[in-house]
Each structure stands twice: as structure tokens, then as C-alpha cells.
Amino acid sequence: MSIHQSTHSSLPSIGPSGSPTSPTASERGGFSGTASLQNSKLSINSSSSKPASPQPPAAPEEEVVTFLEKAKFYTSLCLGTTAILSVFAFLFLIPFVVDPAISTIVADYDPVPVTCIVVDHSYAEGLRNCTWSSCREGCTTAPLKCHQLLVNYTKIPYHEWQKEPKDITEVTWDVGDTRFFINSEGCGYPPRVNCTEFAKQFGYTHMGEPFPCFYSRAYPELVISRYSWEDNLKHLILSLIIPNVLFAISIGVLSYWYCPCCDKACHKTTRIYAEKFPSKEDKLLCRSDDEDDELDY
């Protein structure tokens, strides 16, 4: 019975004359609702089946801005690292380069080597016996083993002594039995300073042989074996200029980039101060307005 009713309801109605009648408004509404539902399903399926449209590529200006930001970040990182390393390098150079160079300048060594001979050489061990040393490998620790050399020197230039050698026993020495050092500080680091080779070169079997040395005109009892005014000055200037210049440039660029006060100071103009005061045109306008007010009164 139910099957028959459903089939009958789906068929178009037939009028009394036997011709099919037009569907009613309710039937038309049902058909239109079914069609719209099917259309919406088809549109959903078609939209889901379509691939997602690719995003448009970034504009060239945005890529340039991004590249500049990355470059600024990495440059800032390098500048900050350079500034920190410059400070540590300068602190490291003060005791090892700056202070010895200044001491050498103050001592005022004669740049022309004079003639020296070693008169005594002793080797000692222990802190009590090594109160001083002609050569030390390391400038920050007390020597446990030391070579102590005493020399006599005359102010006769060594190149003249080589041209006209003299008898050592007949020479009048300007200073005798004075301490002899490898350099102005009496210390250094390998391979530039090797105390064993220094002792072999000037002590032991070479005692009494003339050799060139440099004496201090400010402290005549101070004698060294190595001296160069040009090298000393060059090392001093480089150790002072390079770290400080790198530090100043790094801090200057970082301040210009990230310090608002510095940026304003660099870009300030006199217009800012001039705008605080009225111009001539403003003064004339004010006067004319005052005169008009007086006339109206």
C-alpha cells in the first residue's frame, strides 16, 4: 500500500479530461529545493577538486628590504664582536708591547752599538738565587732558572772597533761589571727569546770576546743586546692605533644605527631652531593686524 502511494505521489496529476495538470506550488518548491541542493553539492565538489592557486611571488622591493635587513644584522654582529675583541686585544698588548716600548723610549738607548765584553757569567736555580736574570722566557712569572751576565762596555762604536781592534787589557771601560739583558725588559717569549741560545752566544766560552751592545743614555748601567728604534716605534704605534681605531669605528657605526639620540644629532638642521622664532613675514602680519584693530577701535 505504501509503495503504491509513493509511486502515485511522484507521478504528475491527471485532470478529469485525462490531460496532465501542472504541478502545484508546493511541488514546484520541492523540485527547486532539490535542484539548489544538487547545485550546491556540485559547486562544493568542483571547488574542492580545483588545486589551490599559488601565491604571487614577493615583489623585488620586498626582497631588497629583506636582504638589507639581514646584511645589517650580520654586519652589526661582526661590528660588536670586533669591538669586544679590540678591547681585549688592547688590554693584552699593554703589558706585552705598549709598556716595554714606552720603557725603551724613556731609557733613551744609543742607536749606535758600542763595544762590550762579558766579564762574568753565572747560572743559578731557585727563587732566592734568581733575584735578577739576564734572560727570562716569560714576563709574568718569577724565574726558577736564570743566567746572570755582567759586562764592561766602552762608548767606542763597534764598527770602529772592528776596523781598529785594541787590546782588551789596555782599554779604559766607561762602565764595568754592569748587568746585561737580552732586551729592555729582560724577558720575552719563544721563538723570539731563547735563553739557552742567548747564554751560549754571549757566555761560557765567548767570555772576553768583544760584541756590539746598546747602553741607555738615561740609565748608563743598563745594557741590552737588542735594540731598534724603528721597530720599537712601529710596534708601539700599531698596538695603539689598530685596536682603538677598530673599536671606535665599530661603536660609531652601531651608535649611528641603533642610538636615536645619535641619529637625531647627525641629522639635525638649523631649521629646527629657526622655527622657534617668528619670521619677518609673521612679524609684519602681526603688526598689520594690530594696526587694523586700532583703526576699528
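So, on to a nonpolar patch on the surface. Together, I105, W229, L233, I237, L238, L240, I241, I242, V245, L246 and I249 give the surface a local cluster of nonpolar side chains, amounting to about 880 Å² of exposed area. Here the nonpolar patch gets ten residues from one element, more than from any other, and that element is helix α6 (residues 229-258). Structurally, I237 is set in helix α6. Here I237 falls in the partly exposed class, since its relative accessible area comes to 39%.

Between its terminal C-alpha atoms α6 stretches 44 Å, which fits the 44 Å expected from 30 residues at 1.5 Å a residue. Those residues of α6 lying buried are N232, L236, S239, P243, S250 and L254.

To continue, consider the packing of aromatic side chains. Tallied over the entire structure, the rule returns 13 aromatic pairs. Ring centres of W132 and F181 lie 5.9 Å apart, and the angle between their planes is 65°; this geometry places the pair in the edge-to-face category. Residue W132 is located in the loop between β1 (114-125) and β2 (136-137), and its partner F181 is located in strand β4 (residues 175-181); the two are separated by 49 residues in the primary sequence. In this pair, the class of W132 matches that of F181, namely buried. Note on F180 and F202: the rings are 5.4 Å apart at their centroids and 75° apart in plane angle, and the pair reads as edge-to-face. Linking F180 in strand β4 with F202 in helix α5 (residues 195-202), this pair joins segments that are 22 residues apart in sequence. Take F180: its relative accessible area is 0%, and that puts it in the buried class. Here F202 falls in the buried class, since its relative accessible area comes to 8%. A network of ring pairs unites the aromatic residues F180, F198, F202 and F211 as a single cluster. Directly above the aromatic system of Y258 lies the positively charged group of K72, at a separation of 5.2 Å from the ring centroid.

Take the state of the cysteines next. Taken as a whole and assessed by the stated rule, the structure comprises four disulfides. Sulfur-sulfur distance for the disulfide between C116 and C213 comes to 1.7 Å. Classification of the bridge connecting C116 and C213 rests on its S-S torsion, roughly 60°, and on that basis the disulfide is right-handed. You can see C116 sitting in strand β1 and its partner C213 sitting in strand β6 (residues 211-215), a full 97 residues away along the chain. Here C116 matches C213 in class, with each residue buried. Between the sulfur atoms of C130 and its disulfide partner C146 the distance amounts to 2.3 Å. Residues C130 and C146 are joined by a disulfide whose S-S torsion is about -90°; by sign, that bridge is left-handed. Placement of C130 in the loop between β1 and β2 and of C146 in strand β3 (residues 145-157) is noted, with a sequence separation of 16 residues between them. For C130, a relative accessible area of 7% puts it in the buried group. In the protein, numbering the disulfide-bonded cysteines from first to last in sequence yields the connectivity 1-8, 2-5, 3-7, 4-6.

Calculation criteria
Residues numbered from 1 in each chain as written. Predicted model: local features only at pLDDT ≥ 70, side-chain atom pairs only at ≥ 80, totals over all residues. Heavy atoms only, no water. Patch = residues over 30% accessible without salt bridge, like charges linked within 9 Å, V, L, I, M, F, W, Y side chains within 5 Å. Areas by Shrake-Rupley, 256 points an atom, 1.4 Å probe, with all protein chains shown as cover. Salt bridge = Lys/Arg side-chain N within 4 Å of Asp/Glu carboxyl O. Helix = DSSP H or I, 4+ residues; strand = E, 2+ residues; numbered from the N terminus. Buried < 20%, exposed > 50% of the residue type's maximum accessible area, 1.4 Å probe, protein only. Expected span 1.5 Å × (residues − 1). Phe/Tyr/Trp six-rings, centres within 6.5 Å; stacked < 30°, edge-to-face > 60°. Lys NZ or Arg CZ within 6 Å of the ring centre and 35° of its normal. Disulfide = S-S within 2.5 Å.

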